[in-house]
Amino acid sequence: MTRAEAVASSTTHRVGAIADGAVKVMLGAAFIIGAGGFGELLGVSTWLMVVAGVALLIGGGVEIRYVRSRSMRTYLRLMVLYDSGWVLATLVGLLMAWQGGSAGGEVWIGYQTAAPIMLTALLVAAPPAVDARAENAAA
């Protein structure tokens, strides 16, 4: 990989990490603004929707804030882990709902509450990137 390709790849990954954080921020705002309606639709209480929204706002904001100071390897691993858990929580929630259970929405919103907090903790605890140029050269 040439240096130009490495820089382009790193830039693409950073833009993706910023976009991922921005989606969390927008989803968090939507959860807070529409807490009553979304909560009713999902079968969860309004307060849980607000807490999930706040967690998503914080998680997305931290994700955007740390994009320049953490390695893209760390970001990519955390995003894959987060999104894998999201898919699993979504499938479990849907399966519970299809079987007539009432806890499917709580499982899904519970994940939306816990996962951004864990992502934030892991991102803050991760070591700072040594140097973007060194990271790009290694890629």
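So, a few notes on the structure that sits alongside this text.

Reading the values: rules and limits
Residues numbered from 1 in each chain as written. Predicted model: local features only at pLDDT ≥ 70, side-chain atom pairs only at ≥ 80, totals over all residues. Heavy atoms only, no water. Axes fitted to C-alpha atoms, helices over the stretch in contact; angles between N-to-C directions. Helix = DSSP H or I, 4+ residues; strand = E, 2+ residues; numbered from the N terminus. Parallel < 35°, antiparallel > 145°, perpendicular 65-115°, else oblique. Left-handed = near helix turned anticlockwise from the far one by under 90°. Contact = heavy atoms within 4.5 Å. Nonpolar A, V, L, I, M, F, W, Y, C, P; charged D, E, K, R; others polar. Patch = residues over 30% accessible without salt bridge, like charges linked within 9 Å, V, L, I, M, F, W, Y side chains within 5 Å. Areas by Shrake-Rupley, 256 points an atom, 1.4 Å probe, with all protein chains shown as cover. Salt bridge = Lys/Arg side-chain N within 4 Å of Asp/Glu carboxyl O. Buried < 20%, exposed > 50% of the residue type's maximum accessible area, 1.4 Å probe, protein only. Core = buried A, V, L, I, M, F, W, Y, C linked by side-chain atoms within 4.5 Å.

1. Some remarks on the packing of helix α3 (residues 46-65) against helix α5 (residues 104-125)
Interhelical geometry of α3 versus α5 gives an angle of 25 degrees and a closest axis separation of 8 Å. The angle between the axes of α3 and α5 places the two elements in the roughly parallel class. Viewed along their axes, α3 and α5 form a crossing whose handedness is left-handed. Taking contact as the criterion, the partners of L48, M49, V51, A52, A55, L56, I58, G59, V62 and E63 in α3 are, on α5, I109, Q112, T113, P116, I117, L119, T120, L123 and V124. Counted by class, the contact of α3 with α5 contains 14 nonpolar, four polar and one charged residues.

2. Details of a nonpolar patch on the surface
There is a patch of nonpolar side chains on the surface, built from I32, V50, V54, L57 and I58 and spanning about 330 Å² of accessible area. Broken down by element, the nonpolar patch gets its largest block of residues, four residues, from α3. Looking at the secondary structure, you find V50 in helix α3. Given the relative accessible area of 31%, V50 is considered partly exposed.

3. Regarding the packing of helix α2 (residues 35-42) against α3
Look at α2 against α3: their axes get within 8 Å of each other, and the N-to-C directions meet at 110 degrees. Overall, the two elements α2 and α3 adopt an arrangement that is roughly perpendicular. Crossing handedness for the pair α2 and α3: right-handed. Counting all contacts with α2, which are made through A35, G36, F38, G39 and L42, the residues of α3 involved are T46, M49 and V50. A per-class count over the contact of α2 with α3 returns five nonpolar, three polar and no charged.

4. Brief notes about the nonpolar core
Ranked by internal contacts, the top residues of the largest apolar core, which has 23 residues, are A17, F31, M49, Y75, Y82, I109 and L123. Once residues lying within four places of it in the same chain are set aside, the contact partners of F31 are F38, M49, A52, G53, L56, W108, I109 and Q112.

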